[in-house]
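# Architecture and fold: a report
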Amino acid sequence: HRATPDKLRQKEARVRAGLPVTEFCAVASPATLAAAGERLGWPLALKTRRNGYEGKGHCPLRSPADLPAAWHALRRDLNELFAEAFWSFTQELAAIVTRGRAGTPATSPGVETVQHHHVCHSGQAPAAIAPALAARATEIALRAVTAGAAHLPGMVASYTPLSVIGVPVVSKSL
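Rules and cut-offs
Residues numbered from 1 in each chain as written. Predicted model: local features only at pLDDT ≥ 70, side-chain atom pairs only at ≥ 80, totals over all residues. Heavy atoms only, no water. Salt bridge = Lys/Arg side-chain N within 4 Å of Asp/Glu carboxyl O. Helix = DSSP H or I, 4+ residues; strand = E, 2+ residues; numbered from the N terminus. Buried < 20%, exposed > 50% of the residue type's maximum accessible area, 1.4 Å probe, protein only.

### Re the pattern of salt bridges
According to the stated counting rule, one finds 8 salt bridges in the structure shown. Note that Arg49 is salt-bridged to Glu80, the shortest N-O span being 3.6 Å. Here the residue Arg49 occupies a position in the loop between strand S2 (44-48) and strand S3 (58-61), and Glu80 occupies one in the loop between helix H3 (67-73) and strand S4 (81-85), the gap between them amounting to 31 residues. Across the pair Glu139 and Arg136 runs a salt bridge whose closest N-O atoms are separated by 3.2 Å. Pair noted here: Glu139 and Arg136 are both in helix H4 (residues 131-146), with a separation of 3 residues, about one helical turn. We classify Glu139 as partly exposed; its relative accessible area is 35%. Here the salt bridges do not stand alone but share partners, grouping Asp6, Arg49 and Glu80 into one network.

If you want it as structure tokens, here you go:
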């Protein structure tokens with residue numbers, strides 16, 4: 001499978017692979033976004049399907065009153081969008097999965113990222129997590145890559161296909 005830069009297609013591939021994802025749906029108009037809010041619940045996130053990393057390409061909506069400003073901010077006339085149920089989390093883990101020329105996958109130790117306002121501020125490697133959680137995160141990353149549900153958002157590896165789920169870099173160094 002080939003990885004896609006379309007985040008809606010990535011999420012659909014993760015669902016087909018049986019991977020954990022938040023509820024989501026495509027939205028094509030302010031009316032379909034309002035319907036998504038009723039179905040997914042408020043708050044929710046409106047996201048661009050492409051080119052939305054490091055705090056760009058998403059708007060949180062706390063209620064239907066936020067819909068016009070969020071729709072305008074993401075410039076729907078230029079971007080395809082999707083809505084995602086909002087979730088709170090205590091930490092985010094990033095995994096790097098590489099494949100050698102023979103196709104054998106390898107993973108790096110998990111990295112715990114520190115987020116400030118939805119932007120990766122820093123990362124700690126290896127992540128200070130229980131071994132069982134590290135093993136589960138690695139399993140999910142490998143399954144995502146195998147399912148074609150991961151995307152390389154801006155880093156390139158010479159001679160080796162590299163799939164990244166999360167990019168653990170200090171934002172100021174980008």
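### Quick notes on the environment of Thr138
Among the secondary structure elements, Thr138 is positioned in helix H4. Relative accessible area serves as the criterion here: at 21%, Thr138 is assigned to the partly exposed category. Along the chain, Thr138 and Ala106 lie 32 residues apart, while their C-alpha atoms are 9.7 Å from each other.

Note that all results are geometric; they support no functional claim without further evidence.
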